[in-house]
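Each chain, written out:
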Amino acid sequence: MSNTNEILERLTTESYEYGFVTDIEMDIAPKGLNEEIVRFISHEKNEPDWLLQWRLKGLHHFQKSEMPHWQNFRMPEIDFQSISYYAAPAKKTKLNSLDDVDPELLATFEKLGIPINEQKALTGVAVDVVFDSVSVKTTFREKLQELGIIFCSFSEAVREYPGLVKKYLGSVVPYTDNVFAALNAAVASDGSFAYIPKGVRCPMELSTYFRINAQNTGQFERTLIIADEGSYVSYLEGCTAPMRDENQLHAAVVELIALGNAEIKYSTVQNWYPGDKEGKGGIYNFVTKRGICKGTNSKISWTQVETGSAITWKYPSVILRGDNSTGEFYSVALTKNRQIADTGTKMYHIGRNTRSRIISKGISAGHGSNSYRGLVQVGAGAENARNFTQCDSLLIGDECGAHTFPYIEAKNNSAIVEHEATTSKIGEDQIFYLKQRGIDTEKAVALIVNGYAKEVLNQLPMEFAVEAQKLLAISLEGSVG
Amino acid sequence: MLSIKNLQTSVDDKEILRGLNLEIRAGEVHALMGPNGSGKSTLAAALTGRDNYNVTGGQVIFEGRNLLDLSPENRAREGVFLAFQYPVEIPGVSNINFLRTALNEIRKYRNLSPLESKEFLKLVKEKQKLVEFDVALSNRSLNEGFSGGEKKRNEIFQLAMLEPKLAILDETDSGLDIDALRIVAKGVNKLRTNDNAFIIITHYQRLLEYIVPDFVHVLYNGQIVKSGGKELALELEEKGYDWLKEESKERELV
Ligand SMILES: Nc1ncnc2c1ncn2[C@@H]1O[C@H](COP(=O)(O)OP(=O)(O)OP(=O)(O)O)[C@@H](O)[C@H]1O
Ligand SMILES: [Mg+2]
């Protein structure tokens, strides 16, 4: 299959479409991590003292933390002192309308296809746009406010809704959770904040678009979403970064809180710069995402499509505290060239009759390495807990790797935990079958991969499912072989 | 339509087709028979451009073009269709979506615009009826979990949808129950026109009772060792292949 191999090779090594740099005047903090920097960031953001104190605790915890060692790849040496922890477009005035946004920035988001202009926006999607360390613009705020829904940048929430932020910040992911969570607490830049009041069904998708632009900086956003009793919200995040030869760190924390009968659907389309063919450059994506189903009958559902980043290390989890609560995790992770993904989920069953469902689809091409790591924990009091895990790996070519590390800890005998796993290869016979029907290799692979990932893609909001399908196809361009 | 001259094909350096000649004109149906391992599927693979099937000699002209110069997908787009002996399963890809992609890729190659949804669905309905294909199957994932016979019938449904000039049916009859065999044969007969042609690979005379061939060829040891009319199939059914094997051995000795 030499011929097919070549095309596949080309397909999966194709370049990255969002790799451009925006030339804009930036305020960038000096490199290095210390108390002074933490104070500087807090000051830049006009934060209250309690938040500064919390950041400092995070910093001190970070300073005594060790890097994790259990992941299925060699943790790269990250020189935390060579990173700048704050970068913002120079224009400081508060942005009241789009006219206040730097035209270069507007052009950037136009180029990225981000609907920053409400008139031209996708109907039914409100967007918060985060550029390096600050939120640039949140659309449809007023419209949402009429329903009592708060959707704004994290910094604004700190200023305008300090009560809510103080109550929930760090309540699901404490700064002591892991080294990156500690780092994030210390230097958290901007992110999104959403609060859905009791009984309200959010009528539009809320979404945040993250863009890293500046050099030698990291992005450390913090996102907090609270769904009050009986409310519903669907939230989506997307992200891209320029192509750069050195690795850049992205260490975000996302916390979700679902009260009684509330539902949060959180979707991610992660397309950070993955590095080049030889594995040079790319984003180190070390992210802590966790939600708590606090009330009875609540539900949290994570859906992720991970195609970017040099290294992805993330385990979006759900604490099933409320009785009858449900946690879901749907994931497609694609690695090609020298990309590494070690991703999965943790489901903590605490309440009675709690349910969790895990569907993980790994796709590895080139020299990519893809690991699923999952924990299903059933507490002693979690009567009648149920989990179903389906964990599939698809291999493209002979040099990639797929691994699964499922952990089950059940302390209650009534628990039923099911695990299924498969590994398959894109067959030369499948590709030939499609070619014999007039479909070229590139399209054939896209069809096969999208078919394979369908169960997960179906979970995405419509507008984004189509985008995600294209993204998978584009990401695989050049890798089939 | 198709002219195969002295075709030689090897797999893993093993020579399988050893100088095969065949002429097919538009409107004709050719049956290709021969013992297991004689090279029938290899011929189909060589004509459709499957990797690892290396054509080491000879030429194939299809509609005035050198077929062997084209990529597999372009051969398909030019109008060569293979109903596979072993159709593959492609999980999660809906049958209909796949057909639509295929049809539009072929149309694009011929500078036609893609079919509108409505037209496409109309076509699907029409062809489903023509080959009596189960609607439920066309909405499922491509061959996933299909029974052996259902897969074969799906091949014929695809054939009906894509309307190729040359269709090669590789043992489409094996695995079909008696009724399905008749339905498939009926479908093929309806699809026959003066402008297209069929190569029907089969082991059994039975299919040829329904789809009456203009010519019957026997492939043995990588060559066509005997050609005749439809009676030849009957003769083979009766006598088997030994007499032809003997004849061909004698010829080689000479
Ligand atoms: N991919 C392959 N690798 C190795 N040998 C092969 C391959 N494909 C075909 N062959 C060999 O080539 C010969 C011809 O095979 P082919 O499948 O063309 O036979 P056939 O006439 O279609 O037989 P059947 O009636 O059993 O379908 C056989 O000896 C077979 O083992
Ligand atoms: Mg065969």
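Conventions and cut-offs
- Residues numbered from 1 in each chain as written.
- Chains lettered and ligands numbered in written order.
- Predicted model: local features only at pLDDT ≥ 70, side-chain atom pairs only at ≥ 80, totals over all residues.
- Heavy atoms only, no water.
- Helix = DSSP H or I, 4+ residues; strand = E, 2+ residues; numbered from the N terminus.
- Rg over C-alpha atoms; globule rule 2.2 N^0.38 Å.
- Contact = heavy atoms within 4.5 Å.
- Areas by Shrake-Rupley, 256 points an atom, 1.4 Å probe, with all protein chains shown as cover.
- Lys, Arg positive; Asp, Glu negative; His and termini not counted.
- Charge placed at Lys NZ, Arg CZ, Asp CG, Glu CD.
- Near = heavy atom within 4 Å.
- Polar contact = N/O pair within 3.5 Å; in protein donor to acceptor, adjacent residues only side chain to side chain.
- Donors = N, O, S within 2.8 Å, 3.2 Å for Na, K, Ca; no water.
- Buried < 20%, exposed > 50% of the residue type's maximum accessible area, 1.4 Å probe, protein only.
- Arc of directions from axis to C-beta.
- Buried area = accessible area lost by both parts, 1.4 Å probe.
- Salt bridge = Lys/Arg side-chain N within 4 Å of Asp/Glu carboxyl O.
- Nonpolar A, V, L, I, M, F, W, Y, C, P; charged D, E, K, R; others polar.
- Pairing = 2+ DSSP bridges.
- Axes fitted to C-alpha atoms, helices over the stretch in contact; angles between N-to-C directions.
- Phe/Tyr/Trp six-rings, centres within 6.5 Å; stacked < 30°, edge-to-face > 60°.
- Lys NZ or Arg CZ within 6 Å of the ring centre and 35° of its normal.

Colleague: Any details on the overall build of chain B? Residues and values, ideally.
Modeller: Check the secondary structure of chain B and you find 10 helices and 10 strands. Compactness check: chain B gives a C-alpha radius of gyration of 18 Å against a globular reference of 18 Å for 254 residues, within 12% of the reference. If one aligns the C-alpha atoms of chain B with their principal axes, the spans along those axes are about 65 × 40 × 35 Å. Of the contacts made within chain B by residues no fewer than 6 positions apart, 69% connect residues no fewer than 24 positions apart. Working note: accessible area of chain B is about 11600 Å², and carbon and sulfur atoms make up 46% of it. Positive and negative side-chain charges in chain B, numbering 34 and 38 respectively, have mean positions lying 5 Å apart.

Colleague: Before we move on, can you summarise the site of ligand 1 with the specific residues and values?
Modeller: Residue and element names in this part refer to chain B. What surrounds ligand 1 is a group of 16 residues, the closest being Ile16, Lys40, Ser41, Thr42 and His203. Within the side chain of Lys14, a nitrogen or oxygen atom sits 3.3 Å from an oxygen atom of ligand 1. Between ligand 1 and the protein, one listed contact pairs an oxygen atom with a side-chain N or O atom of Ser41 at 2.8 Å. Within the complex, 66% of the 630 Å² of free accessible area of ligand 1 lies under protein. Elements with a contribution of two residues or more to the shell around ligand 1: strand S2 (14-24) and helix H1 (40-48). Take the shell around ligand 1: its biggest share by element is 3 residues, from H1.

Colleague: Now, about the coordination of the magnesium ion (ligand 2): what can you tell me, with residues and values included?
Modeller: Ser41 of chain B (OG) and Gln85 of chain B (OE1) make up the full set of protein donors to the magnesium ion (ligand 2), lying at 2.0 to 2.4 Å. Of the two residues, Ser41 of chain B is situated in helix H1 and Gln85 of chain B in the loop between strand S6 (80-83) and helix H3 (95-109); the sequence distance between them amounts to 44 residues.

Colleague: How would you explain helix H2 (residues 35-44) of chain A if you had to name every residue and give the values?
Modeller: All names here are of chain A. Looking only at H2, the buried set comprises Ile37, Val38, Ile41 and Ser42. Angularly, the buried residues of H2 cover 135 degrees about the axis, an arc narrow enough to put them on a single face. In H2, the exposed positions that point more than 90 degrees away from the buried face belong to Glu36 and His43. Buried residues along H2 sit against helix H3 (49-64) and helix H8 (179-187). Looking at where H2 begins, the residue whose side-chain oxygen comes 3.1 Å from the main-chain nitrogen of Glu36 is Asn34. Once H2 ends, the next one or two residues include Asn46, with phi positive near 55 degrees.

Colleague: For the interface of chain B and chain A, give the residues involved together with the corresponding values.
Modeller: Contacts between the two partners involve 33 residues from chain B and, on the opposite side, 23 residues from chain A. Summing both sides of the interface, chain B and chain A together bury roughly 2300 Å²; the carbon and sulfur share of this comes to 59%. When the area that chain B buries against chain A is broken down by residue, the three leading residues are Arg50, Asp51 and Val88 of chain B, summing to 23%. Along the contact surface separating chain B from chain A lie 3 salt bridges. Two residues, Lys443 of chain A and Glu105 of chain B, come together in a salt bridge whose shortest N-O distance is 3.1 Å. With 6 residues, the single largest contributor to the side of chain B that touches chain A is H3 of chain B. Across the side of chain B that touches chain A, the residue classes tally to 17 nonpolar, 8 polar and 8 charged.

Colleague: Run through the sheet that holds strand S10 (residues 223-228) of chain B, naming residues and quoting values.
Modeller: All names here are of chain B. Taken together, the 6 strands give an open sheet; going across it, the order is S6-S7-S8-S3-S9-S10, and neighbouring strands pair in mixed fashion. A single partner strand is all that each edge strand has here, and the edge strands are S6 and S10. When the angles between neighbouring strand axes are averaged without regard to direction, this sheet yields 20 degrees. Note that strand S9 (residues 215-220) and S10 share 5 bridges and pair antiparallel. What sits directly across from Leu219, in S10, is Ile224. Running at roughly 165 degrees to S6, helix H6 (residues 148-162) makes contact with S6, strand S7 (166-170) and strand S8 (197-201) of the sheet.

Colleague: Describe in detail the environment of Ser42 of chain A, supporting the description with residues and values.
Modeller: All names here are of chain A. Mapped onto the elements of the fold, Ser42 is located in helix H2. When the C-alpha atoms of Ser42 and Ser360 are compared, they prove to be 38 Å apart, with 318 residues separating the residues in sequence. Apart from residues no more than four positions distant in its own chain, Ser42 is found in contact with Glu47, Leu52 and Arg55. At 2.8 Å, the side chain of Ser42 and the side chain of Glu47 are in polar contact.

Colleague: Which residues make up the environment of Gly282 of chain A, and what are the values?
Modeller: Residues and elements named next belong to chain A. With respect to the element layout, Gly282 can be found in strand S13 (residues 282-293). Take Gly282: its relative accessible area is 2%, and that puts it in the buried class. On a C-alpha basis, the gap between Gly282 and Gln469 in space is 22 Å, while along the polypeptide they are 187 residues apart.

Colleague: So what's going on with the packing of aromatic side chains? Residues and values would help.
Modeller: Residue and element names in this part refer to chain A. For the structure on display, the rule yields 18 aromatic pairs over all chains. When the ring of Trp313 is compared with that of Tyr315, the centres are 5.6 Å apart and the planes differ by 80 degrees; the resulting orientation is edge-to-face. Using a relative accessible area of 4% as the deciding quantity, one classes Trp313 as buried. Overall, the relative accessible area of 9% leaves Tyr315 in the buried class. Here a set of aromatic residues connected by ring pairs shows up, and it is made of Trp70, Phe180, Tyr284, Phe286, Trp313 and Tyr315. Here Arg373 stacks its cationic end above the ring of Phe405, 4.7 Å away from the centre of that ring.

Treat this as a map of the structure, not an account of what it does.
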